[in-house]
Amino acid sequence: MFPESLTVSIRKPINGAVDWLVVNYGWAFEAVNDAILGVLVPLEHLLRQAPWWLVLALFMGLAFHASRSWKLSLALGVVAFLVGVLGLWDMAMQTLALMLVSTLLAVLIGMPLGVVLASRDRLRSFVLPVLDLMQTMPSFVYLIPALMLFGLGKVPAILATLIYAMPPVIRLTDLGLRQVDKGAVEAAYSLGARPRLVFWRVKLPLALPSIMAGINQTTMLALSMVVIASMIGARGLGQEVLLGIQRLDVGRGAAAGLAIVALAVVLDRITQAYGRKAQAYRQVERA
């Protein structure tokens, strides 16, 4: 047995801090809740009300725009069609809306932070361990503070997903900008370009393949959280998996699992295709 005199409890300080936040800044959490719902609810309504064939056409159009391959577009259309065949189309649209909002927030927060880290070594040395902690912390832990601050529903699920899925886009944005060819940057400065122009016209295009890889990883991590997020009120495919577990309904859980895999394949192939497109653009720029 470890000596009790040497143990330190962090439960009370953390619980006290959360209670203090709720009491003193409850209005701020309500504002965040309303802002996220203001984006999520219309998007979810749009996806659920849109004809299924139109959503399929959108998936196939994005795949073709990214890859210029009819074979890939047709294959992804078939994979997405299977979600409807399983009778889970409406729940898949709920999951897609939740995942898209989470990924959008992660990119909007993570990319600027990655840009800042790429130019500040001291801040980077402090933030990287925090990112390690965010990636190694069990995902269930993120549900507890989100649940206490926002209650049951989709908003805490989005915020928990955001924390879990954001590190890759931060890391790979930072890495991509640090790996930009210094010769290209120096050449731009020698031609009289200002720092802002160098960033937008040289650094960002050259770092785009790495950034796209980060967005791809963030998207997959956000989708992997849907089952866990269903435990605090997020509906969709994760809820079907949870009900299958609770009722020992193997078929129900398997169908929902296959639908999640199908959705993951579609999103993964589209984002990967855009990443390859960015890589080809980078090679043309170099030439």
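For the structure, see preceding data.
We now turn to the structure provided with this report.

Reading guide: rules and limits
Residues numbered from 1 in each chain as written. Predicted model: local features only at pLDDT ≥ 70, side-chain atom pairs only at ≥ 80, totals over all residues. Heavy atoms only, no water. Helix = DSSP H or I, 4+ residues; strand = E, 2+ residues; numbered from the N terminus. Buried < 20%, exposed > 50% of the residue type's maximum accessible area, 1.4 Å probe, protein only. Areas by Shrake-Rupley, 256 points an atom, 1.4 Å probe, with all protein chains shown as cover. Lys, Arg positive; Asp, Glu negative; His and termini not counted. Charge placed at Lys NZ, Arg CZ, Asp CG, Glu CD. Salt bridge = Lys/Arg side-chain N within 4 Å of Asp/Glu carboxyl O. Patch = residues over 30% accessible without salt bridge, like charges linked within 9 Å, V, L, I, M, F, W, Y side chains within 5 Å. Polar contact = N/O pair within 3.5 Å; in protein donor to acceptor, adjacent residues only side chain to side chain. Phe/Tyr/Trp six-rings, centres within 6.5 Å; stacked < 30°, edge-to-face > 60°. Axes fitted to C-alpha atoms, helices over the stretch in contact; angles between N-to-C directions. Parallel < 35°, antiparallel > 145°, perpendicular 65-115°, else oblique. Contact = heavy atoms within 4.5 Å. Nonpolar A, V, L, I, M, F, W, Y, C, P; charged D, E, K, R; others polar.

### Notes on the overall build of the chain
Here comes step 1: A count of helical and extended segments in the chain gives 13 helices and zero strands.
Here comes step 2: Each helix and strand of the chain, ordered N terminal to C terminal, gives the series α-α-α-α-α-α-α-α-α-α-α-α-α.
Here comes step 3: Looking at the chain as a whole, 40% of its 287 residues are labelled buried.
Here comes step 4: Accessible surface, the chain: about 16,200 Å² in total, of which carbon and sulfur atoms supply 67%.
Here comes step 5: Counting 24 positive and 15 negative side-chain charges, the chain places the centres of these two groups 8 Å from one another.

### Concerning the pattern of salt bridges
Here comes step 1: Applying the stated rule across the entire model yields nine salt bridges.
Here comes step 2: Among the salt bridges present, the one from R178 reaches D174, with a minimum N-O distance of 2.8 Å. With R178 and D174 both in helix α8 (residues 167–178) and four residues apart, this pair spans about one turn of that helix.
Here comes step 3: R178 gets classed as partly exposed once you look at its relative accessible area, which sits at 32%.
Here comes step 4: Given the relative accessible area of 2%, D174 is considered buried.

### Some words on unusual backbone geometry
Generally, phi is negative for residues other than glycine and the peptide bonds are trans, each holding for most cases.
Here comes step 1: Phi angles above zero are rare outside glycine, and R68 is one such case at about 55 degrees.
Here comes step 2: Within the fold, R68 resides in the loop between α2 (52–67) and α3 (70–85).
Here comes step 3: Assessed through its relative accessible area of 55%, R68 is described here as exposed.
Here comes step 4: A positive phi is found at L248, a non-glycine position, where the angle reads about 55 degrees.
Here comes step 5: Locating L248 in the fold gives a position in the loop between α12 (237–246) and α13 (250–286).

### Some thoughts on a nonpolar patch on the surface
Here comes step 1: Side chains of W52, W53, L54, L74, V78, F81, L82 and V85 sit close together on the surface and give an oily, nonpolar patch of about 820 Å² of accessible area.
Here comes step 2: Of all the secondary-structure elements, those providing two or more residues to the nonpolar patch are α2 and α3.
Here comes step 3: In terms of residues, the nonpolar patch owes the most to one element, α3, which gives five residues.

### Comments concerning α12
Here comes step 1: Listing the buried residues of α12 in full gives L237, G238, E240, V241, L243 and G244.
Here comes step 2: Phi turns positive, to about 55 degrees, at L248, one or two residues after α12.

### Structural notes on the side chain of T271
Here comes step 1: Residue position: T271 is located in helix α13.
Here comes step 2: Among the polar contacts listed, one links the side chain of T271 to the side chain of N216, at a separation of 2.5 Å.

### Let's talk about the packing of aromatic side chains
Here comes step 1: Tallied over the full model, the rule gives five aromatic pairs.
Here comes step 2: Each ring, one from W52 and one from F81, has its centre 5.9 Å from the other, and the planes form 55 degrees; the classification is tilted. With a gap of 29 residues between them, W52 in helix α2 and F81 in helix α3 connect regions that are remote in the sequence.
Here comes step 3: Overall, the relative accessible area of 46% leaves W52 in the partly exposed class.

### Concerning the packing of helix α4 (residues 89–119) against helix α5 (residues 121–136)
Between two packed helices, both the angle of their axes relative to each other and the distance between the axes serve to describe the pair.
Here comes step 1: Look at α4 against α5: their axes get within 6 Å of each other, and the N-to-C directions meet at 125 degrees. Viewed along their axes, α4 and α5 adopt a mutual orientation that is oblique. Two secondary-structure elements touch here, α4 through V116, L117 and S119 and α5 through D121, L123, R124 and V127.
Here comes step 2: Grouping the constituent residues of the contact of α4 with α5 by class yields four nonpolar, one polar and two charged.

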